[in-house]
Amino acid sequence: MIKRFTWGRPVETEAVVKREAGERKLSEVPYFSQVQTGDGRVSVLTYHMGEHDIIYGLGENIRGINKRGWVYESNCVDDPIHTEARRNLYASHNFFLVDGRERFGVFVDAPQKVTFDIGYTDRDRLAVTVDAGGFDLYILEGDSLRQMVREFRQIIGRSYIPPKWGFGYGQSRWGYENEDDIRQVVKRHRDNGVPLDSVYMDIDYMERFKDFTVDEEKFPKFPRFVEEMRAQNIHLVPIIDAGVKIEKGYSVYEEGVENGYFCKKEDGSEFVGGVWPGRCHFPDMLNDDARKWFGRKYKLLLDQGIDGFWNDMNEPALFYGEDYLTKAFEKLDEYRKQELNLHTFFGMKNLVLGLSNRKEDYESFYHEYKWERIRHDKVHNLYGYYMTRSAGEAFDELEPDKRILMFSRASYVGMHRYGGVWTGDNSSWWSHILMNLQMLPGLNMCGFLYTGADLGGFGCDTTEDLLLRWLELGIFTPLMRNHSAKGTREQEFYRFGHVEDFRGIIGLRYALVPYLYSEFVKAAMRDDMMFLPLAFVYPKDQEAAVVEDQLMVGESVMIAPVYRQNARGRYVYLPEDMKLYRFRSSEDVDIEVLRAGHHYVKAELNEVLVFVRPNHVVPLAGGGCCVADVDMSRLRLLHFVTDQAEYELYDDDGYGKKIDLESGITKVRVTVDGKVDAEGALEAEWTLF
Ligand code: MIG
């Protein structure tokens, strides 16, 4: 059951699509004791947690699956150093569940800054602070954690479903300069028998970092190159940035100014901020006309054969705001005249370090939203959402019959209907493999099913063992992309010695595509999660409740990846008996049944652990060099049948926008004596693995 409570006059975020009529006063909200601070500008809601209450959620953020013991902020920011000390990343996902003494869910629908102090100031106290402005508070109650998530997902609308090729492996790097760089990437994968479906194009492809342009020197006949890649089953996926370069003669800039589509300052002139192209304007994504206009620009690339995009810098990131930069230069001139002692030196240093993403800059420009002028900071967390929405709405119009790949860096609940997310600029640190895993359930809770991290790590230098271990988690995430920053060590698999290890692991991903795709689409259509904390599946198990480094993936599988340097295995907790498949490739595997309880399980650097639940099966294909080659007509079943197992395998053409779940499902039954029978759409030859 969901109830909405309202404070003041909230900005309509359109996170929720099914809104019940009638509103309740915030003073009637259960669970929380509500406090207004003296000046009435911020609202604080507090809850007294039981000693062992667990808090799930907050989507893309740092720290554990259980969020207790830290303070988090919803305030989308571009900051590439994701340490434990951080409070906010690129996203604002204001949904969490309390499980313990009482069980309930909370969604704070507010596009301004929100703070979640979950046992930080006081170990037993949970406090939600909403910055000035109104908000809607949704309180959920239900029989189980999973059921509450489903109900929440029903009101926020169906999750984005990517084309099936989006489940293939993607190679990316900031720094692929031209056609030949990309050809090389593809050739090295194909020559080594390592599957690949996509190559990402970072800002290097653009002409002077201008959105929707392609540098003609680097890509002389772009549509022909796109076609050349398609002939090899490779999709090129270009990046689109939020900032539009100020340049005379550049049509996006000129049209935007002409029609008043960019964000403006108090005095009515366009706000200027610096990002990659230098001085930029920012499309007012919240304005219906501007959003429509910006979305239609994607057509410039769709028309050249492109069928996927990633939206970047849409917090929006600001290297600097021009007005403040001017003042900063004046200040620097003053510093130049002074002796730089303790005070002045750090004053100068902080001045320069403080140029980016300044609060005051975000308070200096406005949006036209629903016929009202709203200052940016009041709706800050919606910007990335509405940029991606602009693309999503345009795709529905421009490509009504074809799914287009789309994922974004910044997001808010509601954006999950238009695209997925990647989790931004992580680092090549072992701790970030675990962080990747721990974010997944929270993201799923908010409807972000199509997600993944930069495998191998974006910043810093990676190592072969780190990349292998990260891929061993990444083969389960819907978005599976190896991406890294300019200037870091190159991390395509072929930069390292053990090609056969990469071939085995990435090949296993392709064998798992039928299962992953099926679980994904079922989760999307049924408003369910694909990655679940163990406690969501085994709610009565006290030990499962504290597991922070294992996940359930769909209905049949549990994963327990190794994320420690030099480890040759790890401890795993099994809530029930399971069958362990220890894969070196989809063909090379050893199998054992493990009893419920704690185990030390060996896993060498090239080994992936897949645990299958009792009376469950997992379809496995033969693999292929790309998703289009995955052979759905011959499927082998991983199986752990003690009684009888039934599995619903969903499949479709991989492109169509109209999805009919029931007609795409094939029911496979396996009996204890190994008889397999299947009924449904798919004509396949089934064998037991
Ligand atoms: O400030 O386009 O997160 O994936 O490679 C850096 C360059 C801008 C940030 C993205 C990253 C991308 C990079 N971008």
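Chemist: I'd love a proper account of the packing of helix α7 (residues 322-337) against helix α8 (residues 342-353), names of residues and values included.
Modeler: With their axes 10 Å apart at the nearest point, α7 and α8 run at an angle of 160° to one another. Classified by the angle between their axes, α7 and α8 sit roughly antiparallel to one another. Seen along the crossing, α7 lies across α8 with a hand that is left-handed. Taking contact as the criterion, the partners of Tyr324, Ala328, Lys331, Leu332 and Tyr335 in α7 are, on α8, Thr344, Gly347, Met348, Leu351 and Val352. By residue class, the composition of the contact of α7 with α8 is 7 nonpolar, 2 polar and 1 charged.

Chemist: Mind laying out the pattern of salt bridges, listing which residues take part and the relevant values?
Modeler: Going through the model one piece at a time under the given rule, you end up with 67 salt bridges. Across the salt bridge formed by Lys486 and Glu177, the nearest N and O atoms sit 3.7 Å from each other. Pair noted here: Lys486 is in the loop between β29 (480-482) and α14 (499-525) and Glu177 is in the loop between β13 (169-171) and α2 (179-191), with a separation of 309 residues, a long-range link. A residue is classified by how much of its surface remains accessible, and Lys486, at 44% relative accessible area, is partly exposed. A residue is classified by how much of its surface remains accessible, and Glu177, at 29% relative accessible area, is partly exposed. With its nearest N and O atoms 3.1 Å apart, the salt bridge here joins Arg358 to Asp361. On the accessibility criterion, Arg358 (13% relative accessible area) is buried. Linked by salt bridges that have partners in common, Glu14, Asp288, Arg291, Lys370, Arg389 and Glu393 make up one network.

Chemist: Talk me through the sheet that holds strand β43 (residues 685-688); I want residue IDs and the actual numbers.
Modeler: Here we have 3 strands laid out as an open sheet, ordered β38-β39-β43, and mixed in their pairing. Strands at the two margins of the open sheet, each flanked by one partner only, are β38 (616-620) and β43. Looking at each pair of strands side by side, their axes are set apart by 30° on average, direction ignored. Here strand β39 (residues 634-640) runs beside β43; their pairing, made up of 4 bridges, is parallel. Bridge pairing in β43 places Leu635 opposite Trp686. Across the sheet, α14 lies against β38 and β39, angled at about 125° from β38, the strand it touches most.

Chemist: I'd like to hear about the packing of α2 against helix α3 (residues 222-231), residue by residue, with values.
Modeler: Between two packed helices, what matters for the description is the angle formed by their axes and the separation of those axes. At a minimum axis distance of 12 Å, the contact between α2 and α3 shows a crossing angle of 5°. Put simply, α2 runs roughly parallel to α3. From α2, Glu179, Ile182, Arg183 and Val186 reach across to α3, where they touch Phe225, Glu228 and Met229. Each residue belonging to the contact of α2 with α3 can be placed in one class, and the counts come to 4 nonpolar, no polar and 3 charged.

Chemist: Now, about the site of the ligand: what can you tell me, with residues and values included?
Modeler: Taken together, 13 residues lie around the ligand, and Asp202, Asp312, Arg409, Asp425 and His483 are the ones closest in. Within the side chain of Asp425, a nitrogen or oxygen atom sits 2.4 Å from an oxygen atom of the ligand. Here the ligand has 350 Å² of accessible area as a free molecule, and 95% of this is covered by the chains. Class assignment for the residues of the shell around the ligand results in 8 nonpolar, 1 polar and 4 charged.

Chemist: Can you tell me about the state of the cysteines, naming the residues and giving the values?
Modeler: In this structure the tally under the stated criterion is 0 disulfides. There is no disulfide at Cys446, and the cysteine sulfur nearest it, in Cys76, is 12 Å away.

Chemist: Pulling in residues and values, what's your account of helix α4 (residues 251-259)?
Modeler: Buried residues of α4: Val252, Tyr253 and Gly256, and no others. End-on, the buried residues of α4 take up no more than an arc of 100°, which puts them together on one face. Residues of α4 that are buried make contact with β16 (244-245), β19 (278-281) and α5 (288-296). Just past α4, the residue Gly260 takes up positive phi, approximately 70°.

Chemist: Go over the packing of aromatic side chains, please, and point to the residues and values.
Modeler: If you walk through the whole model with that rule in mind, you get 50 aromatic pairs. Arranged with centres 5.0 Å apart and planes meeting at 90°, the rings of Tyr298 and Phe309 form a pair that is edge-to-face. With Tyr298 in the loop between α5 and α6 (299-302) and Phe309 in strand β20 (residues 308-312), this pair connects stretches of sequence that are 11 residues apart. Residue class for Tyr298 comes out buried when judged on its relative accessible area of 0%. Through pairs of rings, three or more aromatic residues link up here, namely Tyr160, Phe167, Tyr200, Trp310, Phe407, Trp422, Tyr450, Tyr517, Phe520 and Tyr650. Directly above the aromatic system of Trp422 lies the positively charged group of Arg481, at a separation of 5.4 Å from the ring centroid.

Chemist: So what's going on with the sheet that holds strand β41 (residues 665-671)? Residues and values would help.
Modeler: Here 3 strands make up an open sheet; going across it, the order is β40-β41-β42 and the pairing antiparallel. Two strands in the sheet have a free side with no partner beyond their single neighbour: β40 (644-650) and β42 (676-680). The sheet shows a mean angle of 20° between the axes of neighbouring strands, direction not considered. As paired elements, β40 and β41 share 7 bridges and run antiparallel to each other. By the bridge assignment for β41, Glu646 is matched with Arg669.

Chemist: Go over a nonpolar patch on the surface, please, and point to the residues and values.
Modeler: Together, Leu340, Leu342, Phe345 and Phe346 make up an exposed nonpolar region whose accessible area comes to about 380 Å². Tracing the sequence through the fold places Phe346 in helix α8. By relative accessible area, which is 41% here, Phe346 ends up partly exposed.

Cut-offs and rules
- Residues numbered from 1 in each chain as written.
- Predicted model: local features only at pLDDT ≥ 70, side-chain atom pairs only at ≥ 80, totals over all residues.
- Heavy atoms only, no water.
- Axes fitted to C-alpha atoms, helices over the stretch in contact; angles between N-to-C directions.
- Helix = DSSP H or I, 4+ residues; strand = E, 2+ residues; numbered from the N terminus.
- Parallel < 35°, antiparallel > 145°, perpendicular 65-115°, else oblique.
- Left-handed = near helix turned anticlockwise from the far one by under 90°.
- Contact = heavy atoms within 4.5 Å.
- Nonpolar A, V, L, I, M, F, W, Y, C, P; charged D, E, K, R; others polar.
- Salt bridge = Lys/Arg side-chain N within 4 Å of Asp/Glu carboxyl O.
- Buried < 20%, exposed > 50% of the residue type's maximum accessible area, 1.4 Å probe, protein only.
- Pairing = 2+ DSSP bridges.
- Near = heavy atom within 4 Å.
- Polar contact = N/O pair within 3.5 Å; in protein donor to acceptor, adjacent residues only side chain to side chain.
- Areas by Shrake-Rupley, 256 points an atom, 1.4 Å probe, with all protein chains shown as cover.
- Disulfide = S-S within 2.5 Å.
- Arc of directions from axis to C-beta.
- Phe/Tyr/Trp six-rings, centres within 6.5 Å; stacked < 30°, edge-to-face > 60°.
- Lys NZ or Arg CZ within 6 Å of the ring centre and 35° of its normal.
- Patch = residues over 30% accessible without salt bridge, like charges linked within 9 Å, V, L, I, M, F, W, Y side chains within 5 Å.

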